[in-house]
Amino acid sequence: MLPDAPSNLATKAGHQTAENIVQLPLWRASPVLLLSTPLHLFCLALVLLVPSLWRWALSAVIANHVLILASVILSPRGRLLGPNMTRLPLAAAQRGEVALTFDDGPDPLVTPQVLDLLDRYGAKASFFCIGNKVLAYPELTREIIRRGHSVENHTNSHPHAFALFGPAAMRREIDSAQTAICETTGIAPSFFRAPMGFRNPLLAPVVARTGMHYISWTRRGYDTVAKSAEQVLQRLQRGLAAGDILLLHDGRSIRTRNDSPLILEVLPRLLEHLSTLDLKPVALQTAGHVGKF
Ligand SMILES: [Zn+2]
């Protein structure tokens with residue numbers, strides 16, 4: 001059953017401003033689900049009525065599952081699996097805003113240095129935190145909020161098999177993280193991002209129930225696997241424009257040859273570049289009215 005109201009977690013929204021009150025996205029079945037359900041029913045009926053056509057029916061079902069798999073693996077920025085925010089609203093782009101998003105933290109070594117760098121450039125960002133780490137580092141999580149950034153939901157334990165989960169297991173991961181963040185900061189996240197951006201067709205209704213918006217990115221630097229800061233910067237800066245959402249990591253950061261986290265080499269150069277382009281890094285919740293995403 002799909003409740004049409006947000007879970008009460010989303011209504012614990014602490015000191016969100018009126019401008020940022022979450023408006024519920026109306027849930028619609030994802031295009032993949034809309035195609036798959038009738039196709040499966042049709043194939044079942046076909047086999048019952050004309051058993052000799054079972055090979056055709058089976059081929060159609062297999063092709064359907066290949067399409068779903070391709071959507072999961074190849075298209076983290078696509079909309080075949082449901083609503084997916086990949087850019088800021090037009091109004092934010094017109095104001096020259098971009099969103100810096102940091103995944104997989106908070107991290108006791110890296111996050112404080114990221115916060116200092118952001119302060120130095122007067123930049124705001126959104127941190128997609130893992131619930132378990134929020135509970136492990138509650139003061140650091142509150143510090144993110146105190147510095148004017150937002151904390152968003154990136155599951156409770158960052159399971160790599162998240163895209164294989166059913167609705168109940170996905171709900172547990174998302175709700176536990178939402179509870180951890182709400183109880184730690186007093187503010188309910190408005191955005192959810194799946195681990196590595198991998199989803200399945202059953203995720204959209206689970207996210208809609210929480211009142212959050214699903215978000216991916218415009219461009220990502222692959223900073224957890226890159227060999228150098230140059231590589232990451234090249235990926236992020238090629239075609240960079242107002243309204244872009246950039247994906248970086250303050251958790252699981254790869255180390256440079258000097259054993260310093262790569263993100264700390266990337267970030268000042270990226271912030272410098274944004275300043276040269278006259279682009280303003282903002283937290284997602286201030287980029288515009290959430291309901292208009
Ligand atoms: Zn992640």
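Just so it is clear, the model here is predicted, and its values are computed rather than measured. (Residues numbered from 1 in each chain as written. Predicted model: local features only at pLDDT ≥ 70, side-chain atom pairs only at ≥ 80, totals over all residues.)

**Student:** Before we move on, can you summarise helix α10 (residues 263-276) with the specific residues and values?
**Tutor:** Residue pairs spaced three or four apart in an α-helix point in one direction, given the helix's 3.6 residues per turn. For α10, with 14 residues, the first-to-last C-alpha span of 20 Å sits near the 20 Å given by 1.5 Å per residue. Within the span of α10, buried status applies to Ile-263, Val-266, Leu-267, Leu-270 and Leu-274. Viewed end-on, α10 has its buried residues packed into an arc of 95°, placing them on one side of the element. Exposed residues on α10 whose side chains face more than 90 degrees from its buried face are Glu-272 and Thr-276. Among the structural elements, β1 (97-105), α4 (110-120), α9 (229-237), β7 (245-249) and β8 (280-282) are those in contact with the buried residues of α10. Backbone geometry just after α10 places Asp-278 at a positive phi near 65°. (Helix = DSSP H or I, 4+ residues; strand = E, 2+ residues; numbered from the N terminus. Expected span 1.5 Å × (residues − 1). Buried ≥ 20, exposed ≤ 12 C-beta atoms within 10 Å, placed from the backbone. Arc of directions from axis to C-beta. Contact = placed C-beta atoms within 7 Å.)

**Student:** Requested: an account of the packing of α9 against α10, with residues and values cited.
**Tutor:** Where α9 contacts α10, the two axes come as close as 9 Å, and the packing angle between them is 35°. In the crossing of α9 with α10, the sense of the turn from one axis to the other is right-handed. Residues Ala-229, Val-232, Leu-233, Leu-236 and Gln-237 of α9 lie in contact with α10, whose contacting residues are Glu-265, Val-266, Arg-269, Leu-270 and His-273. (Axes fitted to C-alpha atoms, helices over the stretch in contact; angles between N-to-C directions. Left-handed = near helix turned anticlockwise from the far one by under 90°.)

**Student:** Residue-level account of the pairing of strand β3 (residues 150-153), with values.
**Tutor:** The alternating pattern of β3 places Ser-150 and Glu-152 and Val-151 and Asn-153 on opposite faces, both of which are buried. Of the pairings in the sheet, the one linking strand β2 (residues 126-129) to β3 comprises four bridges and is parallel in character. Note on β3: the bridge partner recorded for Phe-127 is Val-151. (Pairing = 2+ DSSP bridges.)

**Student:** How would you summarise the pairing of β1 if you had to cite specific residues and measurements?
**Tutor:** Each regular strand displays side chains that alternate between the two surfaces of the sheet. Across the nine residues that make up β1, a large majority, nine, are buried. Summarising the sheet, β1 and β7 pair through five bridges and their orientation is parallel. Its bridge partner being in β7, Ala-99 is matched across the sheet by Ile-245. Of the strand pairs in this sheet, β1 and β2 are connected by four bridges, and their pairing is parallel. Looking at β2, one finds that Thr-101 is bridged to Ser-126. Read from β1 through α4 to β2, the crossover connection turns out right-handed. (Right-handed = clockwise from strand over helix to strand, strands pointing away.)

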